[in-house]
Amino acid sequence: MAPKTCFFFLALVSFSSVLCLSPAFAKDDEQEKGDPGLVMNFYKETCPQAEDIIREQVKLLYKRHKNTAFSWLRNIFHDCAVQRCDASLLLDSTRRTLSEKETDRSFGLRNFRYIETIKEAVERECPGVVSCADILVLSARDGIVSLGGPYIPLKTGRRDGRRSRAEVVEQYLPDHNESISSVLDKFGAMGIDTPGVVALLGAHSVGRTHCVKLVHRLYPEVDPVLNPDHVPHMLKKCPDSIPDPKAVQYVRNDRGTPMVLDNNYYRNILDNKGLLIVDHQLAHDKRTKPFVKKMAKSQDYFFREFSRAITILSENNPLTGTKGEIRKQCNVANKLRSNNDEP
Ligand code: HEM
Ligand SMILES: *[C@@H]1O[C@H](CO)[C@@H](O)[C@H](O)[C@H]1NC(C)=O
């Protein structure tokens, strides 16, 4: 309630001051009493080994399947940017609703079963304590380290959402061909500024892009802005204008150092070797180009901005305190709710 209205109330009826202070007027998304929100090492009393277990599991999985680290990095974007970091990305569809991971924007997301491996290891030690939302964020942090990126201290205390809805995804996640204005707006809404956006896109220094997202740049004719030295490789990897759905056809995002999170991405996009239209435009839009050039020159600067932006992303609008739940299994909510009043 605005102070003015409060004052008005007070002038009218003196006992209404009780009303004005009443928590009944607290906004829905405000932190409740006794809720510390996100803090460093949230589980230090309730599950002191949690962060070590997650780190150990991320390392073991990385040894067996290097691409798990790509997934942990992509997950933090796909979960936290869609409304909030609440592990809604990990939920399976229900009979009623299609979940986020089933949408076109989620194409290519992989390794979900290994998130369950991490969760199971944590559950063995401390059942029902550590949220999937925190596991998702901490696995991203540790995955970034596996890929040669910076260690980014991140807070914990997120709780898990109960719902995942495919319909909202497009509103939050930019498409592969979206304009830089729209990309800056979408990230700006989370408090991530232009250098932050440029740094986050540096994640495309690892992993792959499937031909379905690329063929429109190759057929019926080759996009003239693509570096002609890069085109034969792309054509070889994506030989058909309509990719064979049975063959897994893709191009590596960074041919130079495909497994390392480094600033080679920025040199690639300045060299017109960016795979997605959005990658290409990042290097040519006048708002983002100065930062692309700076990151291409300095890995330190890239890492600093990347760490800052990942931190903001990881703190986007979390459920804390008694909101949400601690899922037993990351792909299903404990309580399947039919009403729409709670996330
Ligand atoms: C404008 C924003 C973005 C768009 C349009 C976008 C789009 C895409 C697309 C289309 C792919 C290829 C998926 C496939 O074919 O398998 C991809 C891959 C990837 N993206 Fe993004 N992305 C964006 C931002 C980000 C951010 C902010 C991060 C992380 C901080 C990220 C991390 C990744 C990673 C790691 C991969 C490789 C995944 C793998 O190999 O499994 N992306 N992205
Ligand atoms: C972007 O690509 C999608 C296909 O992935 C297409 O349907 C859409 O029309 C494209 N949008 C723009 C602005 O080119």
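- As recorded in an unreviewed UniProt entry, the protein goes by Peroxidase and comes from Stylosanthes scabra.
- Note on the protein: under the UniProt heading Catalytic activity (unreviewed entry), the record states "2 a phenolic donor + H2O2 = 2 a phenolic radical donor + 2 H2O".
- We quote the UniProt Subcellular location (unreviewed entry) comment for the protein here in full: "Secreted".

### Some details on the coordination of the iron atom of ligand 1
Link 1 in the chain: Coordination of the iron atom of ligand 1 by the protein involves just one donor, His204 (NE2), at a distance of 2.1 Å.
Link 2 in the chain: By secondary structure assignment, the location of His204 is in the loop between α9 (194-201) and β1 (208-210).

### Quick look at empty space enclosed by the protein
Link 1 in the chain: Enumeration over the complete set of coordinates arrives at 2 cavities of 30 Å³ or more.
Link 2 in the chain: In this model, the largest cavity occupies a volume close to 810 Å³.
Link 3 in the chain: Along its surface, the largest cavity is lined by 35 residues, and Arg74, Phe77, His78, His204 and Leu276 are the ones closest to its centre.
Link 4 in the chain: Elements supplying a minimum of two residues to the lining of the largest cavity: α4 (67-80), α8 (180-188), α9, β1 and α14 (299-314).
Link 5 in the chain: For the lining of the largest cavity, the element with the highest residue contribution is α4, accounting for 7 residues.
Link 6 in the chain: Of the residues contributing to the lining of the largest cavity, the split by class is 19 nonpolar, 9 polar and 7 charged.
Link 7 in the chain: By volume, the second largest cavity is sized at about 50 Å³.
Link 8 in the chain: What lines the second largest cavity is simply His204, Asn253, Tyr265, Asn268, Ile269, Lys273, Gly274, Leu275 and Asp279.

### Comments concerning the state of the cysteines
Link 1 in the chain: Applying the stated criterion to the full structure yields 4 disulfides.
Link 2 in the chain: Between Cys47 and Cys126 runs a disulfide, and the two sulfur atoms are separated by 1.9 Å. The disulfide joining Cys47 to Cys126 has a torsion of about 70 degrees about its S-S bond and is therefore right-handed. On the criterion of sequence distance, the pair formed by Cys47 in the loop between α2 (16-21) and α3 (50-64) and Cys126 in the loop between α5 (112-125) and α6 (132-146) is long-range, its members being 79 residues apart.
Link 3 in the chain: Accessibility expressed as a relative area gives 1% for Cys47, which makes it buried.
Link 4 in the chain: One disulfide bridge connects Cys132 with Cys330, the sulfur atoms lying 2.1 Å from each other. Judged by the sign of its S-S torsion, about -90 degrees, the cystine formed by Cys132 and Cys330 is left-handed. One end of the pair, Cys132, is in helix α6; the other, Cys330, is in the segment after α14, and 198 residues separate them in sequence. The exposure classification of Cys132 matches that of Cys330, with both residues buried.
Link 5 in the chain: What links to what in the protein: the bonded cysteines, counted in sequence order, pair as 1-4, 2-3, 5-8, 6-7.

Rules and cut-offs
- Residues numbered from 1 in each chain as written.
- Chains lettered and ligands numbered in written order.
- Predicted model: local features only at pLDDT ≥ 70, side-chain atom pairs only at ≥ 80, totals over all residues.
- Heavy atoms only, no water.
- UniProt positions renumbered as here; feature names shortened; annotations may be inferred.
- Donors = N, O, S within 2.8 Å, 3.2 Å for Na, K, Ca; no water.
- Helix = DSSP H or I, 4+ residues; strand = E, 2+ residues; numbered from the N terminus.
- 1 Å grid on protein atoms, 1.4 Å probe; cavity = no way out; pocket = protein on both sides within 12 Å on 5 of 7 lines; lining within 4 Å.
- Points joined across faces, edges and corners; volume = space filled by probe spheres on them.
- Nonpolar A, V, L, I, M, F, W, Y, C, P; charged D, E, K, R; others polar.
- Disulfide = S-S within 2.5 Å.
- Buried < 20%, exposed > 50% of the residue type's maximum accessible area, 1.4 Å probe, protein only.

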